[in-house]
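# Per-entry structural report
Residue strings, one per chain:
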Amino acid sequence: QVQLVESGGGLVQPGGSLRLSCAASGVTFSRYAMSWYRQVPGKSRELVAAISSKSGATNYADSVKGRFTISRDNGKNTVYLQMNSLKPEDTAVYYCTKRGDTYTYSPVDYWGQGTQVTVSS
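Throughout what follows, the structure given in this document is the object of discussion. (Residues numbered from 1 in each chain as written. Predicted model: local features only at pLDDT ≥ 70, side-chain atom pairs only at ≥ 80, totals over all residues. Heavy atoms only, no water.)

### With respect to the nonpolar core
Where a protein is soluble and globular, its nonpolar side chains tend to be buried together. With 27 residues, the main nonpolar core has W36, V48, F68, V79, L81, M83 and Y94 as its most contacted residues. At the level of secondary structure, the elements contributing two or more residues to this core comprise β3 (18-25), β4 (34-39), β5 (46-51), β7 (68-73), β8 (78-83), β9 (92-99) and β11 (115-119). Sort the elements by how many residues they give to this core and β3 lands first, with four residues. For Y94, the contacting residues outside a window of four places in its chain are E6, L20, W36, Y37, R38, V48, F68, L81, M83, G114, T115 and V117. (Core = buried A, V, L, I, M, F, W, Y, C linked by side-chain atoms within 4.5 Å. Buried < 20%, exposed > 50% of the residue type's maximum accessible area, 1.4 Å probe, protein only. Helix = DSSP H or I, 4+ residues; strand = E, 2+ residues; numbered from the N terminus. Contact = heavy atoms within 4.5 Å.)

### Description of the pattern of salt bridges
Tallied over the entire structure, the rule returns five salt bridges. The closest approach of N and O atoms between R38 and D90, which form a salt bridge, is 2.9 Å. On the criterion of sequence distance, the pair formed by R38 in strand β4 and D90 in the loop between β8 and β9 is long-range, its members being 52 residues apart. Take R38 and D90: they sit in the same class, and that class is buried. A salt bridge links D62 to K65, with the shortest nitrogen-to-oxygen separation between them at 3.2 Å. On the basis of relative accessibility, which here comes to 66%, the residue D62 falls in the exposed class. Each member of the salt-bridge network shares a partner with another, and the members are R38, E46, R67 and D90. (Salt bridge = Lys/Arg side-chain N within 4 Å of Asp/Glu carboxyl O.)

### As for the side chain of S35
Tracing the backbone shows S35 in strand β4. Residue class for S35 comes out buried when judged on its relative accessible area of 0%. There is a polar contact of 3.0 Å between the side chain of S35 and the side chain of R99. Those residues in contact with S35 that sit more than four places away from it in its chain are L47, A49, A50, I70, Y95, C96, T97, R99 and V108. (Polar contact = N/O pair within 3.5 Å; in protein donor to acceptor, adjacent residues only side chain to side chain.)

### Describing the pairing of β5
Relative to β5, β4 is paired through five bridges, and the arrangement is antiparallel. Counterpart to Y37 in the pairing with β5 is L47. Alignment of β5 against strand β6 (residues 58-60), held across three bridges, turns out to be antiparallel. Bridge pairing links A50 to N59 in β6. Hairpin connection, β5 to β6: the antiparallel pair is bridged by six residues, and S55 has positive phi, about 70°. (Pairing = 2+ DSSP bridges.)

### Looking at the packing of aromatic side chains
Applying the stated criterion across every chain yields a total of two aromatic pairs. Judged by centre distance (5.0 Å) and plane angle (50°), the rings of Y37 and W111 are tilted. Remark: W111 occurs in strand β10 (residues 108-111) and Y37 occurs in strand β4; sequence separation between them is 74 residues. With centroids separated by 6.0 Å and ring planes inclined at 80°, the aromatic side chains of Y95 and W111 adopt a geometry described as edge-to-face. In this pair, Y95 is assigned in strand β9 and W111 in strand β10, connecting sequence segments 16 residues apart. Stacked on the ring of Y95, the Lys or Arg R45 has its end atom at 4.1 Å from the ring centre. (Phe/Tyr/Trp six-rings, centres within 6.5 Å; stacked < 30°, edge-to-face > 60°. Lys NZ or Arg CZ within 6 Å of the ring centre and 35° of its normal.)

Printed below as a string of structure tokens:
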């Protein structure tokens, strides 16, 4: 079965950086687009960034453009989210997701368990 395991979350000061990783198993990773969502308690999940299967296309939420970078290593079955210039409003649980096709707008069909990112001084 498909498993998505996130790592790299934690506590960071405003202006700092973190890199999230998501290791996928049970799937031919290179065939599918991947994405990251985040959720704050009491709010709906927000799409943060998405990347196509061959890294040819990426999409970002306006709130993170220029600060976050999504990338993937198909040889390692891993997708990354590099987060720079972090702000307190980036505090959330971050979820790795697999999409059902090669393109970034294909529906999400699997979710990871989430990793907490807290930006605070």
